[in-house]
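What follows is each chain in one-letter form.
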Amino acid sequence: LKGKSLNYGKGSAKKSTHQVFALGTGFALVTDTGGDVAVGDLIASSNRNGFGERQVDDVVHSFTIAKSVIAVIWLNEPINAKYGFKTRLIPVTYR
């Protein structure tokens, strides 16, 4: 949909710049609320809008987003000045 005009009602047209991934490989923006991320950990939606976090179990739920391809040790990550908390864009696989 990138660059396509979408009609949101009442005659207004807005440009969409969102990408949606469902299968294959891609990226997820994660935060530290779920703890350190290991390779193979599932990533779930978090309470921070727009961010994922490490999922506490290994069962795919409706809130599961993807599976991490790398490890993230949050102690080694700086606080993101834009958001005020730790974040990282990580490669993931989608199911």
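Whatever comes next refers back to the structure up there.
Here the structure is a predicted model, which means the values were calculated and not measured. (Residues numbered from 1 in each chain as written. Predicted model: local features only at pLDDT ≥ 70, side-chain atom pairs only at ≥ 80, totals over all residues. Heavy atoms only, no water.)

*Asks:* Outline the environment of Thr93, listing residues and values.
*Replies:* On the secondary structure map, Thr93 appears in strand 8 (residues 85-94). Judged by relative accessible area, which is 27%, Thr93 ranks as partly exposed. Sequence spacing of Thr93 and Ile43 is 50 residues, and the spatial spacing of their C-alpha atoms is 10.0 Å. Sequence-distant contacts of Thr93, defined by excluding residues within four places in its chain, comprise Gly24, Thr25, Ala66, Lys67 and Val69. (Helix = DSSP H or I, 4+ residues; strand = E, 2+ residues; numbered from the N terminus. Buried < 20%, exposed > 50% of the residue type's maximum accessible area, 1.4 Å probe, protein only. Contact = heavy atoms within 4.5 Å.)

*Asks:* So, the packing of aromatic side chains: which residues are in play, and what are the values?
*Replies:* To describe a pair of aromatic rings, you give the distance between the ring centres and the angle between the ring planes. All told, the structure shown has 3 aromatic pairs when counted by the stated rule. Summarising the aromatic geometry, the rings of Phe51 and Tyr83 are spaced 4.9 Å apart at their centres and angled 85° between planes, so their arrangement reads as edge-to-face. Of this pair, Phe51 sits in the loop between strand 4 (42-45) and strand 5 (52-54) while Tyr83 is found in the loop between strand 7 (79-80) and strand 8, placing the two residues 32 residues apart along the sequence. The partly exposed category is assigned to Tyr83, whose relative accessible area is 34%. Its end group placed over the ring of Phe85, Arg48 keeps NZ or CZ at 3.9 Å from the ring centre. (Phe/Tyr/Trp six-rings, centres within 6.5 Å; stacked < 30°, edge-to-face > 60°. Lys NZ or Arg CZ within 6 Å of the ring centre and 35° of its normal.)

*Asks:* Run through the side chain of Lys86, naming residues and quoting values.
*Replies:* When you line up the elements, Lys86 lands in strand 8. Despite being buried, Lys86 has no salt bridge partner; Asp32 is the closest side chain of opposite charge, sitting 5.6 Å away. A distance of 2.7 Å separates the side chain of Lys86 from the backbone oxygen of Trp74, its partner in a polar contact. Only 3.1 Å separates the side chain of Lys86 from the backbone oxygen of Glu77, close enough to count as a polar contact. Excluding its chain neighbours within four sequence positions, the residues that come into contact with Lys86 are Val30, Thr31, Asp32, Arg48, Trp74, Leu75, Glu77, Pro78, Ile79 and Asn80. (Lys, Arg positive; Asp, Glu negative; His and termini not counted. Salt bridge = Lys/Arg side-chain N within 4 Å of Asp/Glu carboxyl O. Polar contact = N/O pair within 3.5 Å; in protein donor to acceptor, adjacent residues only side chain to side chain.)

*Asks:* Please set out the environment of Gly24 residue by residue, giving values where relevant.
*Replies:* Position of Gly24 among the secondary structure elements: in strand 3 (residues 24-31). For the pair Gly24 and Thr93, spaced 69 residues apart in the sequence, the C-alpha separation amounts to 5.6 Å. The residues touching Gly24, leaving out its near neighbours within four places in the chain, are Val92, Thr93 and Tyr94.

*Asks:* Pulling in residues and values, what's your account of the pattern of salt bridges?
*Replies:* Per the counting criterion, the structure on display carries 2 salt bridges. Where Asp32 meets Arg48, a salt bridge forms, and the shortest distance between an N and an O atom there is 3.0 Å. Linking Asp32 in the loop between strand 3 and strand 4 with Arg48 in the loop between strand 4 and strand 5, this pair joins segments that are 16 residues apart in sequence. By relative accessible area, which is 26% here, Asp32 ends up partly exposed.

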